[in-house]
Every structure is written in structure tokens, then in C-alpha cells.
Amino acid sequence: MATPMLGQFLTQINGFIKARNETSLTDYLVLEPPFGQGYTQIIAELRATYPAGKDAALEAKCAQLLPEAEKGDQGATWTAFIRYMVTYLGYLRDGQYRRTYELLSEVQGRVNSALSHSTLGYLILYTAITNARLVCRLAIGLDRHPELLGPLMTGGGAGEDGGARETLPEKAANTIRVAFTTALNDRSGSQANGLDSHGKPEGRRKGVYSFANLCLKILFQCKKTRNASQIFQNITSNAPSLNAYPKAQQVTYLYYLGRFLWQNGHFGSSAKVLGRAWELCHAGPGAAKQRRSILIYLIASNLILGRFPSTTLLGLPEAHGLTEKFMPICLAVRSGNLSALRRHLDFDSEHAAWFLHFRLLLQLRNRCEVLAWRSLVRKVFLLKGTLPEAGSNKAAFLDLPLLVVAFRAVDSQGPSLDPEDEPDPDLEGTTDFDPKMETGIDEYGIISILSSLVDQGLLRGLVAHKQQKLAILGSKNFGGDAVAAGFPAVWGVIGKKGEAGGVVGWKT
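Residues numbered from 1 in each chain as written. Predicted model: local features only at pLDDT ≥ 70, side-chain atom pairs only at ≥ 80, totals over all residues. Heavy atoms only, no water.

Take the nonpolar core next. Residues F81, F211, F326 and L360 are the most contacted members of the largest nonpolar core, which totals 159 residues. At 11 residues, the largest contribution of residues to this core is made by helix α19 (residues 361-384). With sequence-adjacent residues up to four places away left out, F211 is seen in contact with L115, L125, A128, I129, A132, I176, A179, F180 and A183. (Core = buried A, V, L, I, M, F, W, Y, C linked by side-chain atoms within 4.5 Å. Buried < 20%, exposed > 50% of the residue type's maximum accessible area, 1.4 Å probe, protein only. Helix = DSSP H or I, 4+ residues; strand = E, 2+ residues; numbered from the N terminus. Contact = heavy atoms within 4.5 Å.)

Right, let's talk about helix α6 (residues 79-94) for a bit. Helix length check: α6 (16 residues) gives 23 Å between terminal C-alpha atoms against 22 Å at 1.5 Å per residue, within 8%. Burial analysis of α6 places 14 of its 16 residues in the buried class, which makes it a mostly covered element. (Expected span 1.5 Å × (residues − 1).)

The next thing to look at is the packing of α6 against helix α7 (residues 100-115). A pair of packed helices is characterised by two quantities: the angle between their axes and the separation of those axes. Look at α6 against α7: their axes get within 8 Å of each other, and the N-to-C directions meet at 165°. Relative to α7, α6 is oriented roughly antiparallel. By crossing handedness, the relation of α6 to α7 is classed as left-handed. Where α6 abuts α7, its residues A80, F81, R83, Y84, T87, Y88, Y91 and D94 lie against T100, L103, L104, E106, V107, R110, V111, S113 and A114. Residues of the contact of α6 with α7, tallied by class, amount to 10 nonpolar, three polar and four charged. (Axes fitted to C-alpha atoms, helices over the stretch in contact; angles between N-to-C directions. Parallel < 35°, antiparallel > 145°, perpendicular 65-115°, else oblique. Left-handed = near helix turned anticlockwise from the far one by under 90°. Nonpolar A, V, L, I, M, F, W, Y, C, P; charged D, E, K, R; others polar.)

The tally for this structure, following the rule as stated, stands at 10 salt bridges. A salt bridge links E32 to R137; the shortest N-O distance between them is 2.4 Å. Here E32 is found in the loop between α2 (22-28) and α3 (37-49), whereas its partner R137 is found in helix α8 (residues 125-144), with 105 residues between them in sequence. Put simply, K71 and E68 hold a salt bridge, and the shortest N to O gap is 3.6 Å. (Salt bridge = Lys/Arg side-chain N within 4 Å of Asp/Glu carboxyl O.)

This brings us to α7. Structurally, the α-helix is built with 3.6 residues per turn, so residues lying three or four positions apart point the same way. Its 16 residues give α7 an end-to-end C-alpha distance of 22 Å, which sits within 8% of 22 Å, the value for a rise of 1.5 Å per residue. The set of residues buried in α7 consists of T100, Y101, L103, L104, S105, V107, Q108, V111, N112, A114 and L115.

Time to look at the side chain of S349. Within the element layout of this structure, S349 appears in the loop between α17 (338-344) and α18 (352-357). Setting aside its immediate chain neighbours within four residues, S349 contacts R343 and H344.

Here is the structure:
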């Protein structure tokens, strides 16, 4: 049976290769339905003349009508593009809902091979990006609704080597990662840094952050963020400056990098990266969802660093509903109200599900407790601390028993964050077990808290164990102001650490 539309289509594709017309080539290699009338006729011709099982004949047809790919460039043939075209046409021919992901993944594998051609690969770059977006969208959708997979394996359980089997989203991310690596390692440009004379990326390096963002989107959706570390390390080593790419790509990449840093406890770097993403993100209504996503993690990161959101920031449309989530934490930390902080961040609180959804709860529980310690010690010192006489060389001090009383008072008002504060029922029956033993904090617990604050730089002082006192050091350097000397601003201690040096994964 004749295939006039298919022949005309392949002839036009061959012309685009000859003219090195990457834009038209991308426009013709349509991947997402609905397909136009011309493509519908091509699909009908493929099903009639080249049904499933006749891919060898289809490859011969493509090789015949794509002589420019056979010829290649500089002595290197581009047969990988011919094989890609066979897979692409098979995708059009066999595209059914349940098989779409498998077919697109196969197409992505073929386009990755075509992309690797040293001189002609750039022609297929934007087609590779378009296909990768579809693979990403399908992988995330199927991860959310695995019942749509039917017989397609979703992963889980043990693999052949006894380890965990690679999940479908991980497979998708790894397939796209091949294209990312190809783009990252491209050396075909005029300069070693991958940028042209105008400071713009050249060749396949134009797609570095597009592919990286798609991989990261999948990995964060399926909660496999540990696999993202290699992407950030590769970008640090080989990628062009992020500033050379469109702002939309910069914002997306910095958002995922900021979240990765947050999850790994680098809160200063996270705040720095997310702050830049917030600055670059378009402030129009069309970007409200993206700005809200950035803002949630930006507020959380800065809160742990001791910098609280302003009422102006919380009044923005994209911050709607965030005041009742974060402001109680700010008030509790500022006042040293441990019981209020623990109630708000308790697993049974009304906001716990929201914090858990964004994977914020555990970090806020652990880190904000320390800041509340500092505030409570400072408050007790302001009320009960002993200041030296003017001109005296003695240090200001605070009696430790006063801190024991204060911490016990707040412990009795709310749930404890530490389940080990309760007696272990498994000890019942042992000689040393006393169920009536007092479980509240004692002087040793207070000394532990003070030592932790001193070690973190949040308290300048020392504990006199024999005298049971906290001595504040350095008052003379602050004009005799013991409070300023002993309790430096949290942001000045913790926040500045994130500003020092560069950030792994951020190529400026």
C-alpha cells in the first residue's frame, strides 16, 4: 500500500536536517495529542503498511528517505536518528493509553542516542526536551495513580540482587538523566565554558537545566531526593553559569536545590538559594503557585536561622494561610514559651498534617526548640540575673536553680517533644525502677542545655558547676551590657554561616 503522507513527512524531515533547521525539526516531531489531520493520515498509513512487527521494513523506508542522516556530518553517520524515527513513528502508530508511558520511554531512549551525535545532536535537542517533559508528566501521574498502570510493573519489593527494585519514577528520571549528562558534557561550542560571545549557552548545553529540572521534579515527587545529589555535584563541576539561562529555569532549579539543602540540614544555604529564587520569580498572578511554594520553604529556613517573616510578607496573596502556620512558632520562640511551641508542632496538632506534607515538621520541632531555650534563659536572666557593680571585674551571673524552676514550669504546661522523658514500662520490676521518680528536668539537664547553647554560639558564658551558676562573659566589650554580651542575635550567629562561601549545586 502506498504511503504518500509518510513519504512526504520523511522528505521534509530530511530537508530540515540538510538545512540544519532545528526549529522546524522540533515543530514537525509532534509528541502530544491531539494530532493534526496530516498526522492522523500518517498514523493510518503506518497501521496499514507497517503494523507492529514490521519495524525492519519501516527502518528501511526511513533510511531510504533520510539520506542526510545516513551521510551524517564530518564523516560520522547519524544512524541513531533513523532508529529514533522508527521508534517515534511506532509511538504514533501504537499509542494507546496504557502503553503511552512505555512507548514514550522508548522514544526518549532513542532520542538520547540521537542527541549524543557530536555535531548534529543539537538539532534534536528541543525534541528531546519536549519528550522528556511528557515522560516526566506521565511518570508523576502514574506515581500518584498506580492503578492506571495495569500490568505495567511499578517497582517495590526486592530486585534480582536482593536490593530494592527501581521504581517507575526512578526509571523515568534515570532515562532523562542520560540526556542531561549528554548536554552537560557537550564540548562542541566555541568556548570551554559552554557560552557564546554574548554569554548565552551553545549547542546541547542549552538543555542542561531543562533536563536537570525534569529529573529533580520526578525525584522530589516520588520522594527519592537522595538520588538528586549527583545532579547537583555534576552541575557544580561542569555546568555553565546558571545566570546564563532563562529566569524560569533558574527559579525552578533554585527551588529544588533549596529544598534539597533544607532536607539535608543546610538551612543557611537553603535560605540563600530560596531567597534568590524568590527575587527572580515573576510576581504576576500566573506565578502565584510557584511563589507560594518557594515562600513556604523560604520562611521555614529563615525561621530556623532566627529571622522571622514580616507582616508585609505574610500579607501577600501567595502567603494566604501561612500566618496561622508560622506566626505561633515565631511568638513561642521569641517569648521562650516551650509549651506553646510544643503544642503547635505536636503530631496531634491541627497543623501537623500540613507541616508533614511539606516535610517541615521534624526540622522545625528540633531546631526551634533550641531557639526557645535561648529565649527562656534570656528572659530568666533579665528577671533574676545578678549584675556586677559598676567598675567591677566580676561577671554577671544567674543561679542555675532558677532555670530549673523556669524550665519545669513550662514543661508542666504542654506536651514534651522527647518521649524518653517518660519512664520506660519495660524497666518495671528491676531493682532500680521507681515509677514515682521525678521525671522533670533537673540541674544536669539545665547544664546540658546551657552547654549546647554555648557550643552553638547562642550563649556567651560558662557554667560554674560548684557554685551552680551561669556566668556571662564579655560584658566590657559591650559597654557593660550583659544581655547583649551573653545573648548574641541568632541571625548574626547562625544566619551568617549560610552566607559564607559558595553553595554546592549553584554555579554562579
